[in-house]
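Listed here are the chains, written in short residue letters.
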Amino acid sequence: MSSKVKEIKTDFLIVGSGLSGLYSALYASNFGNVLILTKSSIQESNSYWAQGGIAVAIDNYDSVDFHYDDTISVGCGLNNEVGVNIMVNEGLQRVLELIEQGVEFDGSETGLDFGIEGGHSRRRILHALGNETGKAIVDLLSKEIKKRKNIKILEDAYVMNLFSNSKSCFGCLVFDDNKKNKIAIHSKATILATGGGCGIYYKSTNPSSTSGDGIAMAIDAGAVVTDMEFVQFHPTAFSKNGSQSFLISEALRGEGGKLINHSKKRFMENYSDQMELAPRHIVARAIFNEMRANGEKNVFLSLKHLDSSRIKTRFKNIYELCMREGIDITKDDIPVSPAAHYMIGGIKTDLFSRTNIMNLYACGEVACSGVHGANRLASNSLLECLVFAKRAIDSAVELSRKFEKIPSSLIKKSIKYSLVSSDKKVERYLSHRIALSQVVNNYVGILRNKKDLLFALSEISTIKKNDLDSFDLIDSRLMNLKTIVYLITKSALLREESRGVHVREDFSSQSDKWLKHINWKIFNKTLRFTYSEHQ
Ligand code: SIN
């Protein structure tokens, strides 16, 4: 290999440092050396910012069967039922282990304090540090990880591509932004835990680093990607002119928060008997309708009737963030509107977190094992991360026992990547990124129709691959972005029905004809889709 490309060998290569990345890294370290790659820092993941908590049937009055039923009922017919059963049962074990390892979920001498969110039939959401559950767990895992000598972390590391011949994965090529060099990482098992892609939407609850790169690099490597039309919108993101949008947790509605319109009228009674605690897709759509009917940019969440000292302690972080924007949530109504929140689709995996490519595994939001169906039940995502991260490592330990030789053609390809991006290229990337974020926001949002989706596709097609100078990281990020936006839009166009989070104005009902999945894969260098019946 050229002297310009440094080489590293590791047993387990973990791409991503959210909950599934950290959990799988820690567990994998019992079996071999681990390298974690993160394109930002450990504090930048979606999991770190997760406000809601973990849904788990741990209370005596609850049962895994109730949790299973709620997950299935919200998933609108497309859940992998065996997967849901695994998630609620093994999830309980994983949470009990976390408690043993020292995660302190909030509670008092009388027991744990369970929250409730939309679609849950009982209070079962565990939370920590008030509404900083993700941070509490990520901090504990990070501390443990730092103690393990066989785990290395590379921050500011951008994966340029996976080394794959479409049958096997051998590792990846990474750009180390601190040392400004390329590293070829050779691994026995590669675990993609890169999170979702909702940061590509103009209005999103995710950090902008959440751009779906993991999905794009996997499909490039020959993996199958599925269910991309299912993008979950969170009903209540902070929404004030000139301010950044951030998550206003659904748990606030669990505490009794009321949604009101600009006439100060509660409106959820027109949409669901469950009022503010209806499943998330129903509340998001209701808010969207209300805004559209009244020509407003937001509605309000009102907490003024609730115990202000409990709100300030249980939701300290939201209280402080809103205060910075001039809103005292114990006295003022909070302006909110829906924002892209969670990508239900992703890299198709089986229930052992295996992709169709040998030695390549995926878990967490980047993966689609089918547990969420067409709509994810609130606070099921951290649970999914724990369960399927462990399953990924168990599979890798069993199946990925040796280093396979990286084909020399793959190495040759990586040598030609340029490390330097011209300012012009960076500018071009940023302007496309802003334009695409508006396109998906305005034309591939909560309410979709054929005309808008076709318009979005025509905008996407204007982005061309750079053939002029050498391909570099910026080119690869732009192409990743184009792939993700295309997959969401085209899948949304193909699915001619409304189901879960996917709502078509022109096909407004759910149809049994659509009890199937749209799967994507590259054939002859072109993205192609196939349908598979729902099992
Ligand atoms: C929230 O706190 O509302 C988000 C929880 C989730 O997305 O599951």
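Computed from a predicted model, the values in this text were never measured in an experiment. (Residues numbered from 1 in each chain as written. Predicted model: local features only at pLDDT ≥ 70, side-chain atom pairs only at ≥ 80, totals over all residues. Heavy atoms only, no water.)

Examining the overall build of the chain
Step number 1: Scanning the chain from N- to C-terminus turns up 15 helices and 20 strands.
Step number 2: Relative to a compact globule of 535 residues, whose C-alpha radius of gyration would be 24 Å, the chain shows 22 Å and is just as compact.
Step number 3: Within the chain, the fraction of its 535 residues that count as buried is 61%.
Step number 4: Expressed as a percentage of contacts within the chain between residues at least 6 apart in sequence, the contacts between residues at least 24 apart total 71%.
Step number 5: Of the accessible surface of the chain, which amounts to about 21,700 Å², a share of 50% is contributed by carbon and sulfur atoms.
Step number 6: Across the chain, 69 positive and 61 negative side-chain charges occur, with their mean positions spaced 7 Å apart. (Helix = DSSP H or I, 4+ residues; strand = E, 2+ residues; numbered from the N terminus. Rg over C-alpha atoms; globule rule 2.2 N^0.38 Å. Buried < 20%, exposed > 50% of the residue type's maximum accessible area, 1.4 Å probe, protein only. Contact = heavy atoms within 4.5 Å. Areas by Shrake-Rupley, 256 points an atom, 1.4 Å probe, with all protein chains shown as cover. Lys, Arg positive; Asp, Glu negative; His and termini not counted. Charge placed at Lys NZ, Arg CZ, Asp CG, Glu CD.)

Focus: the sheet that holds strand E14 (residues 299-302)
Step number 1: Here four strands make up an open sheet; going across it, the order is E12-E15-E14-E13 and the pairing antiparallel. This sheet does not close on itself; its edge strands, each paired only once, are strand E12 (231-238) and strand E13 (258-260). Within the sheet, the average angular offset between the axes of one strand and its neighbour, ignoring direction, is 45°.
Step number 2: The sheet contact formed by E12 and strand E15 (residues 334-343) spans six bridges and is antiparallel. Across the sheet, the residue bridging to Phe233 is Ala340, located in E15. (Pairing = 2+ DSSP bridges. Axes fitted to C-alpha atoms, helices over the stretch in contact; angles between N-to-C directions.)

Digging into the side chain of Glu384
Step number 1: With respect to the secondary-structure elements, Glu384 resides in helix H11 (residues 381-399).
Step number 2: Although buried, Glu384 forms no salt bridge, and the nearest oppositely charged side chain, Arg376, lies 6.6 Å from it.
Step number 3: A distance of 2.9 Å separates the side chain of Glu384 from the side chain of His372, its partner in a polar contact.
Step number 4: Every residue in contact with Glu384, bar those within four places of it in the chain, is listed here: Met87, Tyr342, Gly364, Ser369, Val371, His372 and Ala389. (Salt bridge = Lys/Arg side-chain N within 4 Å of Asp/Glu carboxyl O. Polar contact = N/O pair within 3.5 Å; in protein donor to acceptor, adjacent residues only side chain to side chain.)

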